Amino acid sequence: MPSPKPAFILVHGAWVDGSIWQRVIPLLEAQGHVARSLDLPGSGASAKVPIAYHKRPLDVLAFATEPSPNAAVSQEERTRAVVALAEQTAQETGRPIVLVGQSLGGLTVTAVAEAIPDQLRSIVYISAFLQSPGMMAIDLVQHATMAGSLVASMFLADPQAVGALRIDPRSDNAEYRALMRSAFCADASEADFSSTLAGETCDEPAGVLTVPARITAERFGRVPRHYIRCLEDGRFQSRARTS
Amino acid sequence: MIAAVDSALGSQTHTHTLPASHFPFYSYSKPLAEILLAIAARNGANGQYRR
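Reading the values: rules and limits
- Residues numbered from 1 in each chain as written.
- Chains lettered and ligands numbered in written order.
- Predicted model: local features only at pLDDT ≥ 70, side-chain atom pairs only at ≥ 80, totals over all residues.
- Heavy atoms only, no water.
- Contact = heavy atoms within 4.5 Å.
- Buried area = accessible area lost by both parts, 1.4 Å probe.
- Salt bridge = Lys/Arg side-chain N within 4 Å of Asp/Glu carboxyl O.
- Polar contact = N/O pair within 3.5 Å; in protein donor to acceptor, adjacent residues only side chain to side chain.
- Helix = DSSP H or I, 4+ residues; strand = E, 2+ residues; numbered from the N terminus.
- Buried < 20%, exposed > 50% of the residue type's maximum accessible area, 1.4 Å probe, protein only.
- Axes fitted to C-alpha atoms, helices over the stretch in contact; angles between N-to-C directions.
- Parallel < 35°, antiparallel > 145°, perpendicular 65-115°, else oblique.
- Nonpolar A, V, L, I, M, F, W, Y, C, P; charged D, E, K, R; others polar.
- Lys, Arg positive; Asp, Glu negative; His and termini not counted.

Asker: In this structure, what is going on with the interface of chain A and chain B? I would like to understand it.
Answerer: In many reports, interface size means the accessible area that the parts give up when they come together. Counting residues at the interface gives 57 residues for chain A, matched by 39 residues for chain B. Taking both sides of the interface into account, the surface hidden between chain A and chain B amounts to around 4000 Å²; carbon and sulfur atoms contribute 67%. Of all residues in chain A, Asp187, Arg225 and His226 of chain A bury the most surface against chain B, accounting for 16% of the area lost on that side. Summed over the shared surface of chain A and chain B, the number is one salt bridge. With its nearest N and O atoms 2.9 Å apart, the salt bridge here joins Asp6 of chain B to Arg225 of chain A. On inspection of chain A and its partner chain B, the count reaches 23 residue pairs in polar contact (both at pLDDT 80 or more). If you list the elements that add at least two residues to the side of chain A that touches chain B, you get helix H1 (25-29), strand S3 (97-102), strand S4 (120-126), helix H7 (174-184), helix H8 (190-199) and strand S7 (225-230) of chain A.

What follows is the structure, given as structure tokens:
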């Protein structure tokens, strides 16, 4: 008897939420797969934003200094949320799981694979963080291959001071919007770009960047893993290259 | 970085490419789905395609 087609669990990256997969899920379901996404803790419906974010025009100094109400969100919470969804999906459908993470979602995919390797058919990183054992995501951000990254130039507060990677998706500053578009979705239409920004939050918890990857060859290492490189990824373009 | 992970774990990461931005969900949603479907069709740690 043929084994059932795997179910996809799709994990989003920083500032966005599970709706980022809305065009991909129907394409997977059309081929007989189950595909589910979620809002990670601190994202989507559970995202908390600083008071200063609501005030327009933006008080730049207040926005740069107000502590993040999202700062306490931990990688452990996010890992637990995805483990729960994967286990629930496996139980309900009887299908093995293909776990997919995009961008910062790679941190969660990695931790989940270490936690429940036997439930996973494979893990997939899409332009995502993939750490060596013991490495923190902050080490990757500061890696030589990320020199000149556009993402850091979008930050409007010191992550260590406010506890978050803080950007302003509601900005009406043309230069800042162009920077965000170059960093994330230069190949999207203006409508899709605007729609993405409308769904983004401003504070990504900074603490997840300082959690060492606790992975082993015996667990994480035996789950087949795939990496999808996005060749026009603006995260790796320098500001000069986009000007 | 992928090579460093592979070396540390003693197993290989299979790589794929898309001519897309950081968010391939818009202009490349179909090619992205096709890669994911091909990955799902693989079976086992050595990554052979399921018959």
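Asker: Is there a simple way to explain the environment of Tyr26 of chain B in this structure?
Answerer: Among the structural elements, Tyr26 of chain B can be located in the loop between strand S1 (13-18) and helix H2 (29-40). Not counting residues up to four positions away in its chain, the partners in contact with Tyr26 of chain B are Ile20, Arg23, Cys185, Ala188, Asp192 and Thr196 of chain A.

Asker: For this particular structure, what's the right way to read H7 of chain A?
Answerer: In an α-helix, one turn spans 3.6 residues, which is why side chains three or four residues apart end up on the same side. Turning to H7 of chain A, its buried residues number three or more, namely Tyr176, Leu179, Met180, Ser182, Ala183 and Phe184 of chain A. Its side-chain oxygen 2.9 Å from the backbone nitrogen of Glu175 of chain A, Asn173 of chain A forms the N-cap of H7 of chain A.

Asker: What is the right way to read the packing of H7 of chain A against H8 of chain A from this model?
Answerer: To describe two helices that pack against each other, one gives the angle between their axes and the distance between the axes. Residues and elements named next belong to chain A. H8 packs onto H7 with a crossing angle of 100 degrees between their chain directions and a minimal axis gap of 11 Å. Considered as vectors, H7 and H8 are oriented roughly perpendicular to each other. Contact residues: Arg177, Met180 and Arg181 in H7; Glu190, Phe193, Ser194 and Leu197 in H8. A class-by-class count of the residues in the contact of H7 with H8 yields three nonpolar, one polar and three charged.

Asker: How do you make sense of the side chain of Glu114 of chain A when you look at a structure like this?
Answerer: All names here are of chain A. Looking at the secondary structure, you find Glu114 in helix H4 (residues 105-115). Arg219 is the oppositely charged side chain nearest to the buried, salt-bridge-free Glu114, at an N-O distance of 4.1 Å. A distance of 3.1 Å separates a polar side-chain atom of Glu114 from the backbone nitrogen of Phe220. For Glu114, the residues in contact, after removing those within four places along its chain, are Arg214, Ile215, Thr216, Arg219 and Phe220.

Asker: Honestly, the pattern of salt bridges in this entry has me stumped. Any pointers?
Answerer: If charged atoms from side chains of opposite charge come close, those side chains can pair. Residue and element names in this part refer to chain A. Summed over the entire model, instances satisfying the criterion amount to ten salt bridges over all chains. With its nearest N and O atoms 3.6 Å apart, the salt bridge here joins Glu76 to Arg80. Linking Glu76 with Arg80, this pair stays in helix H3 (residues 75-93), spanning four residues, or about one helical turn. A salt bridge links Glu204 to Arg78, with the nearest nitrogen and oxygen atoms 2.7 Å apart. Residue Glu204 is found in strand S6 (residues 203-205), and its partner Arg78 is found in helix H3; the two are separated by 126 residues along the sequence. Taking the relative accessible area as the measure of exposure, Arg78 reaches 3% and is therefore buried. Within the structure, one salt-bridge network assembled from shared partners comprises Arg177, Arg181 and Glu190.

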